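Working through the structure, step by step
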Amino acid sequence: MRSQDYDRLYLSPPHLGRHELNYLHKAIEDNWVAPAGPNLDGFERDICEFTGARHCVALTSGTAAIHLGLRLLGVGPGDEVMCPSFTFVATANPIAYLGATPVFVDSEADTWNLCPERLREALQARQQQGRRPKALILVHLYGMPARLREVLAVAEEFGVPVLEDAAEALGSRYEGRPLGTFGAVGVFSFNGNKILTTSGGGALVTDNPQWAQKARFWATQAKDPAPYYQHSELGYNYRLSNLLAGIGRGQMELLEDRVKRRRAIYTWYQEHLRDVPGLRFGPAEPAGGHANRWLTTILLDPAETTVTPEQLRQHLETHNIESRPLWKPLHLQPLFAGAPMFGGEVCAALFARGLCLPSGSAMTDSDLYRVASAVTGAF
Ligand SMILES: *Cc1c(COP(=O)(O)O)cnc(C)c1O
């Protein structure tokens, strides 16, 4: 961090606790400085315990976990994979890594996640062409649970297996059950800006023991059981380091606290920015949903204010406060030009009107006052 940035408020910086260093220290003392070791096993156990998933494979990133997860679901060259347009590019890149094509679907206005009606239209249209997408990636954006009941029912009706991209949703629940455990495969990210971090890292969870074994095999260069180096399948170097898993163990102890704090930050902003004209909060929890509120997100209604999200972002920047536009929909990205898209008005409007506010769980109330008064000052 540059020295003039000492008072900069970041969007979602890492927030370490007191035990990460103990796990790191022990790993170095015991010479477990490798992508194997007791922290790695322990981190996977911690994730299983928290989520209730039977198996967990810790990986170098959430993107790697999506890549392996799609391969487990049999995605290959020429296949189609259903995917929300309103998400980070890392959700869809692994579709392209495998030589498959994304079919994008719009969001619904409440949770901002995949719209079950649009999904049904898309799958019906595919069916009429005699095609069945190989998988559906369901994202819980900003930690908000998607309409799981409805989406899972549609996916089941058309026989499409679900990969849950819960990269932003560790600690969120639906009907009491942790997100990431509803699909055939679930994915978490421990990147530096997520609710918990290992600096970089990810995890794949599944209840299928053969799949977990296969993911581990592919993640460690797919070495056949032979005394020499023999390879029958294509592998990757995707296993998480035992050092970083140690940071992860310390972080997992803090998950419930971090969710509480992020939710409190969202509520705080709601209460203190209630009277700003045209400023609204979202997304909303679906029935049975409990969000981790990874980032507090707002929308500016152009019918009620002339202030645009970009003006507000620049204004906050003059106060040394970082804010960010919402994810730019993937069907509007040059990278995916020409990909099929069902709907699009909902996520395009969210992108045009939205902004993410600083939401780090280490923020103090005086940090929050600083953001709120800077926001109010822009209007
Ligand atoms: C962060 C993120 C990913 C990718 O995770 P990495 O660990 O950064 O590779 C995937 N999907 C979504 C929705 C994310 O926010």
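For the structure, check the block above.
These numbers were taken from a predicted model, which means no experiment stands behind them.

**Details of the pairing of strand β14 (residues 354-357)**
- Side-chain alternation along β14 places Gly 354 and Cys 356 on one buried face and Leu 355 and Leu 357 on a second face that is also buried.
- Of the pairings in the sheet, the one linking strand β12 (residues 296-300) to β14 comprises four bridges and is antiparallel in character. Bridge assignment links Leu 299 to a residue of β14, and that residue is Gly 354.

**Some points on the site of the ligand**
- Not every one of the 16 residues close to the ligand is listed here, only the nearest: Gly 62, Thr 63, Glu 168, Ser 189 and Lys 194.
- Between Thr 63 and the ligand, the recorded distance is 2.5 Å, taken from a side-chain N or O atom to an oxygen atom.
- The separation between an oxygen atom of the ligand and a polar main-chain atom of Gly 201 is 3.5 Å.
- Contact with the protein chains removes 94% of the 380 Å² of surface that the ligand exposes when unbound.
- If one sorts the elements of the shell around the ligand by residue count, helix α3 (residues 62-72) sits on top with three residues.

**Observations concerning the packing of aromatic side chains**
- This model, assessed by the stated rule, comprises 12 aromatic pairs.
- Ring geometry for Tyr 266 against Phe 281: centres 5.8 Å apart, planes inclined by 80°, an arrangement best described as edge-to-face. Of this pair, Tyr 266 sits in helix α9 (residues 255-272) while Phe 281 sits in strand β10 (residues 279-282); the two residues are 15 residues apart in sequence, bridging distant segments of the chain.
- Look at Phe 281 and you get partly exposed, because its relative accessible area is 21%.

Conventions adopted
Residues numbered from 1 in each chain as written. Predicted model: local features only at pLDDT ≥ 70, side-chain atom pairs only at ≥ 80, totals over all residues. Heavy atoms only, no water. Buried < 20%, exposed > 50% of the residue type's maximum accessible area, 1.4 Å probe, protein only. Helix = DSSP H or I, 4+ residues; strand = E, 2+ residues; numbered from the N terminus. Pairing = 2+ DSSP bridges. Near = heavy atom within 4 Å. Polar contact = N/O pair within 3.5 Å; in protein donor to acceptor, adjacent residues only side chain to side chain. Areas by Shrake-Rupley, 256 points an atom, 1.4 Å probe, with all protein chains shown as cover. Phe/Tyr/Trp six-rings, centres within 6.5 Å; stacked < 30°, edge-to-face > 60°.

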